[in-house]
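Observations on the model geometry
Spelled out, the chains give:
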Amino acid sequence: MDKAEKAATMGAQTDIIIEASAAHMARRGAEIWCQSAQESVGLRGRFALAVSGGSSPRQMHRLLAEEPYLSRLPWDKMHLFWVDERCLPVTHPDSNFGAARKDFLDRVPIVPEHVHPMPGRVPPEQGAVRYEKELKAFFQRTEDPLPCFDLIFLGIGQDGHTASLFPGQASLEEKEKWVVWVKGGNPCVDRLTMTFPVLNLARRTVFLASGRDKAEVLKAVLESPKAQLPAQKVRPSKGSLTWLVDREAALLLSKTEGLYGSLR
Ligand code: 6PG
């Protein structure tokens, strides 16, 4: 599949970066975070992003609290949201916000009022409505009446889910609501998740996938358009889409020459 065919298959503004290891992938992710932040602040005076939970982003998150990223990032102009959250106490090891606090938020000078965890401790239906209101309040204060994030980081499960948008669930077809309550995943708990209408408005979307256990799903998502996996519904309407993966996750991809990042 040549580049043109690949672009057509995966969407015109899609690229794949294959890093040598999860550590290289984390560094590349932190670089993208910095680049997107500097660009957004330069153009709009603020940087609004949404992050995922799970293990894939954690090494990248930990790098943000260290040099050179700690000094490079415009923490005072950064507004941080989550694409999904498990409805658990923040102290629970499976809390996405709890993990982010441990990995970097407790060690960086971000403005506390600019950190927007999903309300996981209220009845989930109310939590979804409350978070949607919080998103509307933020985006209607800026020039974007729609929830147009500058950057969204996503992960992918072995079943092809992303955020907490799981195969076979009605949430995959949600067109109006920006945030919904679902139940599923591992751990199988109540969750709040942003929906595809929001995810697909981002200026830049970056999937992170590392490890051999993601090789099959990555091949399916990138090379089997008919697989109908939730992650394949991430098709940014105007923004760019980057698959940032390591070599193990890219193991089964049919053509990878020219896609290597740090191996260049
Ligand atoms: C969640 C995540 C979820 C995650 C994938 C991949 O809260 O569960 O947002 O979408 O990104 O399940 O998880 P790993 O990175 O742990 O493989």
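Above this note sits the structure.
In this report, the structure presented in the accompanying data block is examined.

Thoughts on the overall build of the protein
Check the secondary structure of the protein and you find 8 helices and 10 strands. For 264 residues, the compact-globule formula gives about 18 Å, and the C-alpha radius of gyration of the protein, at 17 Å, lands near that figure. The principal-axis extents of the C-alpha atoms in the protein amount to approximately 45 × 45 × 35 Å. Classification of the 264 residues of the protein by burial places 55% in the buried group. Taking the contacts inside the protein whose residues are at least 6 apart along the sequence as the reference set, 77% of them involve residues at least 24 apart. Carbon together with sulfur atoms contributes 53% to the accessible area of the protein, which is approximately 11,800 Å² in total. Of the side chains in the protein, 35 bear a positive and 32 a negative charge, and the two mean positions are spaced by 1 Å.

Some points on the nonpolar core
Where a protein is soluble and globular, its nonpolar side chains tend to be buried together. Ranked by size, the top nonpolar core spans 78 residues in total, and within it Trp33, Trp82, Phe104, Phe149, Met194 and Trp243 carry the most contacts. Per element, the largest residue contribution to this core is 8 residues, and it comes from helix H2 (residues 22–44). Beyond its immediate chain neighbours, meaning those up to four positions away, Phe149 contacts Ala48, Leu49, Ala50, Phe81, Leu135, Phe139, Met194, Val198, Ala202 and Arg203.

What to know about the sheet that holds strand S1 (residues 14–19)
With parallel pairing, 7 strands are arranged side by side in an open sheet as S1-S10-S9-S6-S2-S3-S5. At either margin of the open sheet sits one strand with a lone partner, and together these are S1 and strand S5 (115–116). Taken together, the 5 bridges between strand S2 (residues 47–51) and strand S3 (residues 78–82) define a ladder with parallel strand orientation. Looking at S3, one finds that Leu49 is bridged to Leu80. Running over the sheet, helix H6 (residues 124–140) touches S2, S3 and S5 and is turned about 155° from S3.

Analysis parameters
Residues numbered from 1 in each chain as written. Predicted model: local features only at pLDDT ≥ 70, side-chain atom pairs only at ≥ 80, totals over all residues. Heavy atoms only, no water. Helix = DSSP H or I, 4+ residues; strand = E, 2+ residues; numbered from the N terminus. Rg over C-alpha atoms; globule rule 2.2 N^0.38 Å. Buried < 20%, exposed > 50% of the residue type's maximum accessible area, 1.4 Å probe, protein only. Contact = heavy atoms within 4.5 Å. Areas by Shrake-Rupley, 256 points an atom, 1.4 Å probe, with all protein chains shown as cover. Lys, Arg positive; Asp, Glu negative; His and termini not counted. Charge placed at Lys NZ, Arg CZ, Asp CG, Glu CD. Core = buried A, V, L, I, M, F, W, Y, C linked by side-chain atoms within 4.5 Å. Pairing = 2+ DSSP bridges. Axes fitted to C-alpha atoms, helices over the stretch in contact; angles between N-to-C directions.

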